[in-house]
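Close look at the chain arrangement
Single-letter residue listing:
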Amino acid sequence: RQLGNRRLKLAFGDRNYPIFQASDVLLGGRFQMPVLALGGIERKLGNGSVGAVPARVLTVTDGELDFDAGAWRIHPEGLSGLSGWTRFEKAIVQRGKNDDSRFLFADAAINGKSFRFGLDTGMPSVMRIYRRTAEAAGLWDAPRWTPAAPGGKTRVVRPDRFEIAGATIPRPLIQIREEVDWKEFDTGLIGLPILRLFNLATSNRDGALLLKRNRQAPQEENYNRGGMWVDRAGAASLVMVVGPGSPA
């Protein structure tokens, strides 16, 4: 049944979406959720999927998301036998009263400066941070960046170093925005291209998250921008922003 509408900030549209309530959802034929709220969207997600589920699903029971095996394993009796994993305490956080307002966090370092970031397996971009974080990491006034959407206000940079769970990711592309998109993640968000490099385990009993570098190779990231943002000005075009140190 439809519960009403809620404003969702999705990559393909920040607007009100209808919210539906599903009852007795069975996951993998084994684990049952009594209630799950679902947002109705008109966009196909690709790879044969008909929808996406929130991080809450990963945290309703202890489990392990194994990207190497392409499997999500449920551990009803609790996690055991996991060695060589990096553990993050207080990493499963409930914000607000909605059942689906549960989020995952982990610590990572940009240019040697450590921050706690939100984890978003549904975000296709590598990473997004905000001005305060960028200033602390020495990236806001980086000698080389290029503008991006929306309106050329986003800065795209490569840090010298990015480290998480004992692994170093070589110079990933990071989006910097001045205004915070989600108050829950006022430091920034790490997206799927980085998260898929690690297996994730959730310990719902004590709110911990565990990460371990897997065998997945980093995806090639082409720097496909010329360094300028162009807007229409009547019948003409106007260069609005030019990134310092860029080809433009």
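Rules behind the numbers
- Residues numbered from 1 in each chain as written.
- Predicted model: local features only at pLDDT ≥ 70, side-chain atom pairs only at ≥ 80, totals over all residues.
- Heavy atoms only, no water.
- Helix = DSSP H or I, 4+ residues; strand = E, 2+ residues; numbered from the N terminus.
- Rg over C-alpha atoms; globule rule 2.2 N^0.38 Å.
- Buried < 20%, exposed > 50% of the residue type's maximum accessible area, 1.4 Å probe, protein only.
- Contact = heavy atoms within 4.5 Å.
- Areas by Shrake-Rupley, 256 points an atom, 1.4 Å probe, with all protein chains shown as cover.
- Lys, Arg positive; Asp, Glu negative; His and termini not counted.
- Charge placed at Lys NZ, Arg CZ, Asp CG, Glu CD.
- Pairing = 2+ DSSP bridges.
- Axes fitted to C-alpha atoms, helices over the stretch in contact; angles between N-to-C directions.
- Patch = residues over 30% accessible without salt bridge, like charges linked within 9 Å, V, L, I, M, F, W, Y side chains within 5 Å.
- Salt bridge = Lys/Arg side-chain N within 4 Å of Asp/Glu carboxyl O.
- 1 Å grid on protein atoms, 1.4 Å probe; cavity = no way out; pocket = protein on both sides within 12 Å on 5 of 7 lines; lining within 4 Å.
- Points joined across faces, edges and corners; volume = space filled by probe spheres on them.

Considerations on the overall build of the chain
- Per the secondary structure count, the chain includes three helices and 20 strands.
- The C-alpha atoms of the chain give a radius of gyration of 20 Å, which matches the 18 Å a tight globule of 248 residues would have.
- A principal-axis box enclosing the C-alpha atoms of the chain has dimensions of 60 × 45 × 30 Å.
- With 248 residues in all, the chain has 41% of them scored as buried.
- If you take every contact in the chain between residues at least 6 apart in sequence, the share linking residues at least 24 apart comes to 54%.
- Carbon together with sulfur atoms contributes 48% to the accessible area of the chain, which is approximately 14000 Å² in total.
- Side chains of the chain give 35 positive and 26 negative charges; the mean places of these two sets differ by 2 Å.

What about unusual backbone geometry?
- Put simply, alanine 149 and proline 150 share a cis peptide bond, and its omega is 0 degrees.
- In this structure, aspartate 24 takes a positive phi of about 55 degrees despite not being glycine.
- Accessibility expressed as a relative area gives 53% for aspartate 24, which makes it exposed.
- Its identity as a non-glycine residue notwithstanding, arginine 171 has a phi of 40 degrees, on the positive side.
- Summarising the element assignment, arginine 171 is placed in the loop between strand S14 (167-168) and strand S15 (174-177).

Considering the sheet that holds strand S1 (residues 2-10)
- If you walk across this open sheet you meet the three strands as S1-S2-S3, and the pairing is antiparallel. Lying at the two open borders of the sheet, with one neighbouring strand each, are S1 and strand S3 (31-39). On average, each strand axis in the sheet is inclined to that of its neighbour by 35 degrees, with strand direction left out of account.

What about the pairing of strand S8 (residues 102-110)?
- With respect to burial, S8 is a largely interior element, seven of its nine residues being buried.
- Two strands pair when backbone bridges link them, and strand S7 (residues 92-94) and S8 are joined in this way by three bridges, in the antiparallel orientation. When the sheet's bridge partners are listed, glutamine 94 is paired in S8 with arginine 102.

Some thoughts on a nonpolar patch on the surface
- There is a patch of nonpolar side chains on the surface, built from Leu10, Phe12, Ile41 and Leu45 and spanning about 270 Å² of accessible area.
- Note on placement: leucine 10 falls in strand S1.

Quick look at the pattern of salt bridges
- Using the criterion set out here, one finds 16 salt bridges in the structure.
- When the shortest N-O distance is used, the salt bridge between aspartate 66 and arginine 73 registers 2.9 Å.
- Notably, a salt bridge pairs aspartate 186 with arginine 132, separated by 3.4 Å at the nearest N-O pair. Of this pair, aspartate 186 sits in the loop between S15 and strand S16 (188-190) while arginine 132 sits in helix H2 (residues 131-136), placing them 54 residues apart in sequence.
- Sharing partners across several salt bridges, the network here consists of Glu64, Asp66 and Arg73.

Details of the environment of arginine 73
- Along the chain, arginine 73 turns up in strand S5 (residues 71-74).
- We classify arginine 73 as partly exposed; its relative accessible area is 33%.
- For the pair arginine 73 and leucine 58, spaced 15 residues apart in sequence, the C-alpha to C-alpha distance is 9.9 Å.

Re empty space enclosed by the protein
- For the structure on display, the rule yields one cavity of 30 Å³ or more.
- By volume, the largest cavity amounts to about 30 Å³.
- Secondary structure elements with two or more residues in the lining of the largest cavity: strand S4 (63-66) and strand S17 (198-203).

A short note on the sheet that holds S4
- Sheet architecture is open: five strands sit in the order S5-S4-S17-S18-S6, paired in antiparallel fashion. In this open sheet, the two strands that pair with only one neighbour each are S5 and strand S6 (86-88). Each strand of the sheet is rotated relative to its neighbour by a mean of 15 degrees, with strand direction disregarded.
- Sheet topology note: the S4/S5 ladder contains four bridges and is antiparallel. Among the inter-strand pairings, glycine 63 is bridged to a residue of S5, identified as isoleucine 74.

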